[in-house]
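A structural walkthrough
Each chain, letter by letter, is given below.
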Amino acid sequence: MNTSKKHKILFVCLGNICRSPAAEGIFRTIVERNDAGDDFVIDSAGTYSGHRGDLPDRRMRRAAASRGYELTHRARPVEMGDFFDFDLIIAMDDSNFTDLMHMAPSVEASRKIRKMSAYFSGQSLDYVPDPYYMGADGFELVLDLLEDACRNLYDSIVLQAGA
Ligand code: 4NP
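Residues numbered from 1 in each chain as written. Predicted model: local features only at pLDDT ≥ 70, side-chain atom pairs only at ≥ 80, totals over all residues. Heavy atoms only, no water.

1. Things to note about the site of the ligand
Near the ligand, the surroundings consist of C13, L14, G15, N16, I17, C18, R19, H51, D130 and Y132. At a separation of 3.0 Å, an oxygen atom of the ligand approaches a polar backbone atom of I17. For the ligand, an oxygen atom lies 2.9 Å from a polar atom in the backbone of C18. Here the shell around the ligand is built from residues that sort into five nonpolar, three polar and two charged. (Near = heavy atom within 4 Å. Polar contact = N/O pair within 3.5 Å; in protein donor to acceptor, adjacent residues only side chain to side chain. Nonpolar A, V, L, I, M, F, W, Y, C, P; charged D, E, K, R; others polar.)

Take a look at the structure:
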């Protein structure tokens, strides 16, 4: 039995139908490939509740599927309980970050909030752009950024846990 404490990660964007469910699916795949599913709780949510219950955007599902990720998350808004339940709450852009900081119920909770760009290998962007009003290239760019950041996030957690 695995008795070590689970790493609980919540990915957050605006609608929870493009960026954060893709981050969730990519990160889950990395965890499963490393046979570490028992060590993690992975979820995603949005700062806007208008897409509650929806599957990820069809364009994102299609782009993700072509890279081997099946996105089945149902959109939900961020809830106050998330600040207690998760260890890391990862915002896709500055607007998501600011909204989360305003929602955080305590200083301790606010310390859990990070920006996804903190895990980018490159320095060319410091946010994950919203692809909702972009063409197909926008979705591919988002997936490129998320694959890179998720790999680095996973490595940083494993490194810290082993330290
Ligand atoms: P997401 O993209 O925040 O990456 O899920 C969006 C999805 C929906 C909307 C905006 C961004 N919207 O305005 O409905």
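2. A short note on helix α2 (residues 58–65)
Looking at α2, one finds that the buried residues are M60, A63 and A64. Within α2, the buried residues cover an arc of 100 degrees as seen down the axis, which keeps them to one side. What points out from α2, more than 90 degrees from its buried face, is the exposed set R58 and R62. Buried positions along α2 lie against α1 (19–33) and α6 (136–162). (Buried < 20%, exposed > 50% of the residue type's maximum accessible area, 1.4 Å probe, protein only. Helix = DSSP H or I, 4+ residues; strand = E, 2+ residues; numbered from the N terminus. Arc of directions from axis to C-beta. Contact = heavy atoms within 4.5 Å.)

3. Details of unusual backbone geometry
Generally, phi is negative for residues other than glycine and the peptide bonds are trans, each holding for most cases. Unusually for a residue other than glycine, N16 sits at a positive phi of about 60 degrees. Here D35, not a glycine, exhibits a phi torsion of approximately 55 degrees, which is positive. Inspection of the secondary structure puts D35 in the loop between α1 and β2 (40–46).

4. Some details on the pattern of salt bridges
In the structure shown here, the tally under the stated rule is eleven salt bridges. Here R19 and D130 are joined by a salt bridge, their closest N and O atoms 4.0 Å apart. Placement of R19 in helix α1 and of D130 in the loop between β4 (113–115) and α6 is noted, with a sequence separation of 111 residues between them. You can call R19 buried: its relative accessible area is 2%. A salt bridge links K115 to D94; its shortest N-O distance comes to 2.6 Å. With K115 in strand β4 and D94 in helix α4 (residues 94–103), the pair connects residues that are 21 residues apart, well separated along the chain. Its relative accessible area of 22% is what places K115 among the partly exposed residues. D94 sits in the partly exposed class, given a relative accessible area of 39%. One network of salt bridges, with partners in common, ties together R67, E140, D144 and E147. (Salt bridge = Lys/Arg side-chain N within 4 Å of Asp/Glu carboxyl O.)

5. As for the side chain of D148
On the secondary structure map, D148 appears in helix α6. If we ignore the near neighbours within four places in the chain, the residues touching D148 are Y119, F120, S121 and G122.

6. Topic: the nonpolar core
Counting residues in each nonpolar core, the largest one holds 37 residues, and the members touching the most others are I9, F11, F27, F40, M116, L146 and L153. Elements with a contribution of two residues or more to this core: β1 (7–13), α1, β2, α2, β3 (88–91) and α6. Of the residues forming this core, the biggest block, ten residues, is contributed by α6. Apart from the residues within four sequence positions on either side, L146 is in contact with R19, A22, A23, I26, M92, M116 and V128. Listed in part, the twelve residues of the second largest apolar core include A45, I89, L100 and A104. (Core = buried A, V, L, I, M, F, W, Y, C linked by side-chain atoms within 4.5 Å.)

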